[in-house]
Structures are given as C-alpha cells and as structure tokens.
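Listed here are the chains, written in short residue letters.
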Amino acid sequence: QTYIMSKLQSARASLQANPSEDPLENEEQLVDQLDSASPLCRYQYDRMAEFLLSLFDPLVTQLQSLAGQGTAMPAQIEVLEGELAWLVYIVGAVVGARGTSRSSEEHELLDGDLCAKVFQTIKWIELRQSLPNGTASATLQRLELALLYVFQYFRKAYIGEQSNVTSTNLYTRLAERVGIT
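Just so it is clear, the structure is predicted and the values come from calculations on it, not from any experiment.

Thresholds applied
- Residues numbered from 1 in each chain as written.
- Predicted model: local features only at pLDDT ≥ 70, side-chain atom pairs only at ≥ 80, totals over all residues.
- Heavy atoms only, no water.
- Helix = DSSP H or I, 4+ residues; strand = E, 2+ residues; numbered from the N terminus.
- Buried < 20%, exposed > 50% of the residue type's maximum accessible area, 1.4 Å probe, protein only.
- Contact = heavy atoms within 4.5 Å.
- Salt bridge = Lys/Arg side-chain N within 4 Å of Asp/Glu carboxyl O.
- Expected span 1.5 Å × (residues − 1).
- Arc of directions from axis to C-beta.
- Core = buried A, V, L, I, M, F, W, Y, C linked by side-chain atoms within 4.5 Å.
- Patch = residues over 30% accessible without salt bridge, like charges linked within 9 Å, V, L, I, M, F, W, Y side chains within 5 Å.
- Areas by Shrake-Rupley, 256 points an atom, 1.4 Å probe, with all protein chains shown as cover.

**A short note on the overall build of the protein chain**
No. 1: Broken down by element type, the protein chain carries seven helices and zero strands.
No. 2: When the helices and strands of the protein chain are placed in sequence order, the string is α-α-α-α-α-α-α.
No. 3: Looking at the 181 residues of the protein chain, the share that counts as buried comes to 47%.
No. 4: The contacts in the protein chain between residues at least 6 apart in sequence include a share of 76% that link residues at least 24 apart.

Below, the structure is given as structure tokens:
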C-alpha cells in the first residue's frame, strides 16, 4: 500500500509542479516500477486488490465533479488524470502478473473487480473528450495508453493462447459489474 501511495503522490507532486514532466513518459522507468509493483501486490492479493479498488471511486468522482462544474479546471483535472493513469497502469501490471503467481477463484473475482473499474474509466475518457481541449490533454493521452497497457495484459492473462483460465469467474464478475458478456 505504501509503494502504491508513494507512486500516486509522486505523480500528483510532479504534475502539480510541472505538468509537462510526467513520470509516465519515461517508459523504461515505468516498466521497472510496474515490474516491481506486480509481485508485491500479488503477495497479499486480497488486501491489495481491495486497496486498489478503494482508490478508483474517489478519483473518478473528483474528476466527474470538476467536469460537472461547468468551469473547467484543467490543472486539477490533469493531476487527477495522472493519478488515475498510474492506478490503471498498476492494475495492468497486477493482472498481467496473474500467470506468474498462484491464482484461485477468489483472485479471478478480484481481477474481475479491478478490470471492471478500469473499463469504467472509459466513460470518463469519453466525457473528457467532450470538454474544451479534452482531446489535446497530455494526461488524457497517458490515461488512454494506460488502458491499452491493461488491455494487453488482460488479453495475455485471460484471452490469448497462453492464458490458462479454466474458470469463468472473471467473466461472470465483468458481466455483473459492467455488462460485458
């Protein structure tokens, strides 16, 4: 939890100090950090998944609130989008690490909950694109890249030829949470 919070706080501080210098832009450093986070999160996955889930809703709620105020606050929105992008990247790394750790039916359900939260961020992206200068936002583009990262690892863990899924728990959870069947 401390590691994840430090990454979110680092993203916040970096974007507040200088929005053009986002730590997500350094791909090599990002991959190293995500590779470090995934085994840590999978170690006590029940607790970590619940913790990650608890971080999503406040971020998305704050973003929607800012967007709904009518007067766009781009600096605040970009900081929150940067944090959300980090969170989405971390979920991708954790789901992608599924193949390297013991997985149970309960873990598949937690993967389903995490992926559902990530898939729900697509609604924010659609809303953000309709705001002034929404499509030109660097943080929105980074959030979109984070989604692609999750899709890549989701496919690898649950859809691709190398997936070793024998249970449909994840798909059941996704159907319940976001209507994906």
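**A few points about the pattern of salt bridges**
No. 1: Evaluated as defined, the whole model comprises seven salt bridges.
No. 2: Between Arg-12 and Glu-83 there is a salt bridge, and its shortest N-O distance comes to 2.9 Å. Here the residue Arg-12 occupies a position in helix 1 (residues 2-17), and Glu-83 occupies one in helix 4 (residues 74-96), the gap between them amounting to 71 residues.
No. 3: On the basis of relative accessibility, which here comes to 28%, the residue Arg-12 falls in the partly exposed class.
No. 4: Judged by its relative accessible area of 5%, Glu-83 falls in the buried class.
No. 5: Across the salt bridge formed by Asp-57 and Lys-117, the nearest N and O atoms sit 2.8 Å from each other.

**What to know about helix 1**
No. 1: Taking 1.5 Å as the rise per residue, helix 1 with 16 residues should run 22 Å; its terminal C-alpha atoms sit 22 Å apart, in good agreement.
No. 2: Among the residues of helix 1, Ile-4, Lys-7, Leu-8, Ala-11, Ser-14 and Leu-15 are the ones counted as buried. Seen from one end, helix 1 has its buried residues packed into an arc of 130°, which puts them on one side. In helix 1, those exposed residues whose orientation departs by more than 90 degrees from the buried face are Thr-2, Gln-16 and Ala-17.
No. 3: Contacts from the buried residues of helix 1 go to helix 2 (27-43), helix 3 (45-68), helix 4 and helix 6 (138-159).

**Considering the nonpolar core**
No. 1: With 53 residues, the main nonpolar core has Ile-4, Leu-84, Val-88, Val-118 and Leu-143 as its most contacted residues.
No. 2: At the level of secondary structure, the elements contributing two or more residues to this core comprise helix 1, helix 2, helix 3, helix 4, helix 5 (105-130), helix 6 and helix 7 (169-178).
No. 3: If near-sequence neighbours (up to four positions away) are discounted, Val-118 is found in contact with Phe-56, Val-88, Val-91, Leu-147 and Val-150.

**Some details on the environment of Val-88**
No. 1: You can see Val-88 is positioned in helix 4.
No. 2: Accessibility expressed as a relative area gives 0% for Val-88, which makes it buried.
No. 3: Sequence spacing of Val-88 and Leu-114 is 26 residues, and the spatial spacing of their C-alpha atoms is 9.1 Å.

**Details of a nonpolar patch on the surface**
No. 1: On the surface, Ile-122, Leu-145, Leu-148 and Phe-151 cluster together into a nonpolar patch covering about 340 Å² of accessible area.
No. 2: Top contributing element to the nonpolar patch by residue count: helix 6, with three residues.
No. 3: Of note, Phe-151 is situated in helix 6.
No. 4: Here Phe-151 falls in the partly exposed class, since its relative accessible area comes to 33%.

**Brief notes about the side chain of Glu-81**
No. 1: Residue placement: Glu-81 occurs in helix 4.
No. 2: Leave out the neighbours within four places in its chain, and Glu-81 touches Leu-63, Trp-124, Arg-128, Ser-137, Thr-139 and Leu-140.

**Some points on helix 2**
No. 1: Compared with the 24 Å implied by 1.5 Å per residue over 17 residues, the 25 Å span of helix 2 between its first and last C-alpha is a close match.
No. 2: Looking at helix 2, one finds that the buried residues are Leu-30, Gln-33, Leu-34, Ala-37, Ser-38, Cys-41 and Arg-42. The arc that holds every buried residue of helix 2, seen down its axis, measures 150°, which confines them to one face. Projecting away from the buried face of helix 2 at angles above 90 degrees are the exposed residues Glu-28, Leu-40 and Tyr-43.

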